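Residues per chain are reported as follows:
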Amino acid sequence: MKIDFDKICEKYGNRLYAAAFQICRQPQDAEDAVQEALLRLYHSDKDFDSEEHLKAWMIRVTVNAAKSIRRLFWNRNRTSFEDYMDSLTFEEPSDRTLMDEVLALPEKYRIVIHLHYYEGYKVSEIADILELSENTVKTRLFNGRKILKTRLEGWEDE
Amino acid sequence: MNNEKNKERYIRSFNSLHLSEGFRERLDASLDERKGKIMEMTSVNGFSRVAAAVITICAVAFGSAGVCYAGDVGGIRTTLKLWLSGTKQTVEVERIDDETYKLVNEDGEERNLSGFYMDDEGNRTALSAEEMAAGMNNDMFLEEVDGRMIFAYKNLTMDVTDRIDDSGRLYIHVDDPANPNTYFTISNIDGNGYESQADSAPASGVEYIEVDSADIVIDGSEPPFGDDDSVQTTVVTSD
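Residues numbered from 1 in each chain as written. Chains lettered and ligands numbered in written order. Predicted model: local features only at pLDDT ≥ 70, side-chain atom pairs only at ≥ 80, totals over all residues. Heavy atoms only, no water.

A closer look at helix H6 (residues 107-117) of chain A
- Within H6(A), nine of the eleven residues are buried, leaving the element largely enclosed by the surrounding structure.
- All buried positions along H6(A) are accounted for by Tyr109(A), Arg110(A), Ile111(A), Val112(A), Ile113(A), His114(A), Leu115(A), His116(A) and Tyr117(A). (Buried < 20%, exposed > 50% of the residue type's maximum accessible area, 1.4 Å probe, protein only. Helix = DSSP H or I, 4+ residues; strand = E, 2+ residues; numbered from the N terminus.)

Spelled out as structure tokens, the structure:
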């Protein structure tokens with residue numbers, strides 16, 4: 001599959017950023033993770049079967065990069081989580097509440113929840129991307145949903 | 001159906017996240033910077049799985065070790081002989097978390113180092129103590145001494161304080177025939193630590209500070225690059 005790097009940046013940049021933000025909860029770190037993933041794509045000679053394959057690979061690399069960046073212990077000037085959240089524009093006030101509650105979940109639930117609800121991935125696909133067993137993904141999805149159900153008004157039973 | 005409603009709410013909420021306006025410019029700048037670099041697996045003192053080009057070592061500033069270190073805390077203690085601060089030192093190394101090691105020299109001075117390498121998919125693997133020593137970017141070290149940033153390579157040192165660019169980066173090439181990976185990119189220099197990479201080829205468009213034995217102070221009477229022992233790492237492991 002031929003890769004148009006500019007198009008990929010345009011199409012997936014914000015999606016990858018949303019995934020990275022789930023891990024880092026910090027805008028600069030999340031951007032660094034996206035940058036790392038895009039640089040890896042640029043320099044990679046990997047042959048992708050399809051756009052879905054490319055997207056899943058990009059998400060996996062972004063998540064891995066975000067985890068690595070979060071583990072670094074540099075003292076950098078960082079935008080506080082609260083300041084950043086306050087700077088975002090939401091369509092509805094409840095959208096902010098939803099994001100707050102999702103980001104308050106334990107990380108292992110957050111990324112699974114995100115890949116399911118935002119990216120629309122099935123359990124088996126999430127397991128593949130995160131290199132987890134399907135049972136682990138199911139459990140995390142179940143637990144994450146359960147917490148959201150108790151904290152979010154209007155979050156439907158599934 | 002409920003799942004769809006939840007999805008809809010979720011997507012609307014997280015669509016509020018956007019990359020910042022300057023992101024693409026920074027990405028392009030990074031692309032230019034990395035263009036032409038050779039990212040190849042290289043054998044470093046026998047530890048072939050470590051890619052010299054992608055090793056990142058994070059050093060934390062010196063501190064006083066106090067009286068409790070290494071064996072006092074438990075775990076595996078490793079003794080390494082390596083170049084630090086321009087002198088060959090024997091240090092005791094103790095792993096303090098997944099990829100962070102505490103090094104204590106014979107004077108009781110302590111510093112923390114973390115090191116890892118990444119595969120093509122960004123999976124990060126911590127370096128072992130021996131790999132850390134072997135891959136310490138080929139005997140390069142940077143540290144702050146009396147407010148000055150001192151670059152050390154084996155037994156050679158130089159003050160690079162005024163050579164660090166506005167973004168906290170330093171590019172140095174050491175002309176050492178015994179070592180192919182001496183195009184150093186040192187970044188995030190902030191007095192608390194730094195990240196460094198050693199490459200076998202220069203990055204295109206980057207101007208390196210060229211260093212050869214005539215340009216820098218030679219510490220002690222050892223020849224600049226003639227000491228074969230200087231690239232060896234002695235490893236003694238004990239419980």
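Moving on, there is more to tell.
A short note on the packing of aromatic side chains
- Scanning the model with the defined rule gives 13 aromatic pairs over all chains in all.
- Through a chain of ring-to-ring contacts, three or more aromatic side chains come together here, namely Tyr117(A), Tyr118(A), Trp155(A), Tyr10(B) and Phe14(B). (Phe/Tyr/Trp six-rings, centres within 6.5 Å; stacked < 30°, edge-to-face > 60°.)

Comments concerning the side chain of Arg9(B)
- Along the chain, the position of Arg9(B) falls in helix H1 (residues 2-14).
- No salt bridge is formed by the buried Arg9(B). Its closest oppositely charged neighbour is Asp95(A), at 5.7 Å.
- A distance of 3.1 Å separates a polar atom in the side chain of Arg9(B) from the backbone oxygen of Glu153(A). (Lys, Arg positive; Asp, Glu negative; His and termini not counted. Salt bridge = Lys/Arg side-chain N within 4 Å of Asp/Glu carboxyl O. Polar contact = N/O pair within 3.5 Å; in protein donor to acceptor, adjacent residues only side chain to side chain.)

So, the pattern of salt bridges
- For the coordinates displayed, the defined rule picks out eleven salt bridges over all chains.
- A salt bridge links Asp6(A) to Arg24(B), with the shortest nitrogen-to-oxygen separation between them at 2.7 Å. A residue pair is termed interchain when its members come from two chains, as with Asp6(A) in helix H1 (residues 5-24) and Arg24(B) in helix H2 (residues 23-34).
- A relative accessible area of 29% means that Arg24(B) is categorised as partly exposed.

Comments concerning the pairing of strand E10 (residues 156-159) of chain B
Residue and element names in this part refer to chain B.
- Relative to E10, strand E9 (residues 148-153) runs antiparallel, the two being bridged by four bridges. Its bridge partner lying in E10, phenylalanine 151 is registered against methionine 158.
- Where E9 folds back onto E10 in an antiparallel hairpin, the turn is made up of two residues, including lysine 154, whose phi is positive at roughly 50°. (Pairing = 2+ DSSP bridges.)

Regarding the confidence of the model for chain A
- Here chain A averages 88 in pLDDT, while 94% of its residues score no lower than 70.
- Confidence drops under a pLDDT of 50 for residues 73-77 of chain A, and excluding neighbours within four residues, the segment shows 15 contacts in the predicted structure. (pLDDT = per-residue confidence, 0-100. Contact = heavy atoms within 4.5 Å.)

So, the pairing of strand E12 (residues 183-187) of chain B
Residue and element names in this part refer to chain B.
- The element E12 is largely enclosed, with a buried count of five among its five residues.
- Side chains Tyr183, Thr185 and Ser187 project from E12 onto one buried face, and the interleaved Phe184 and Ile186 project onto a second face that is buried too.
- The pairing of strand E11 (residues 170-174) with E12 spans four bridges and is classified as antiparallel. Paired with tyrosine 171 across the bridge in E12 is threonine 185.

Considering the confidence of the model for chain B
Residue and element names in this part refer to chain B.
- Per-residue confidence for chain B gives a mean pLDDT of 64, with 47% of residues at or over 70.
- Predicted confidence is poor over residues 216-239, with pLDDT under 50, and the contacts of this stretch with residues over four places away or in other chains come to 63 contacts.
- Scoring of the predicted complex yields 0.56 for pTM and 0.93 for ipTM.

Let's talk about unusual backbone geometry
Residue and element names in this part refer to chain A.
- Residue arginine 25 is not a glycine yet carries a positive backbone phi of 55°.
- Structurally, the position occupied by arginine 25 is in the loop between H1 and helix H2 (27-43).
- A positive phi angle, near 55°, is found at glutamate 131, a position not held by glycine.
- Mapped onto the elements, glutamate 131 comes out in the loop between helix H7 (123-130) and helix H8 (134-151).
- On the basis of relative accessible area, glutamate 131 is assigned to the exposed category, the value being 52%.

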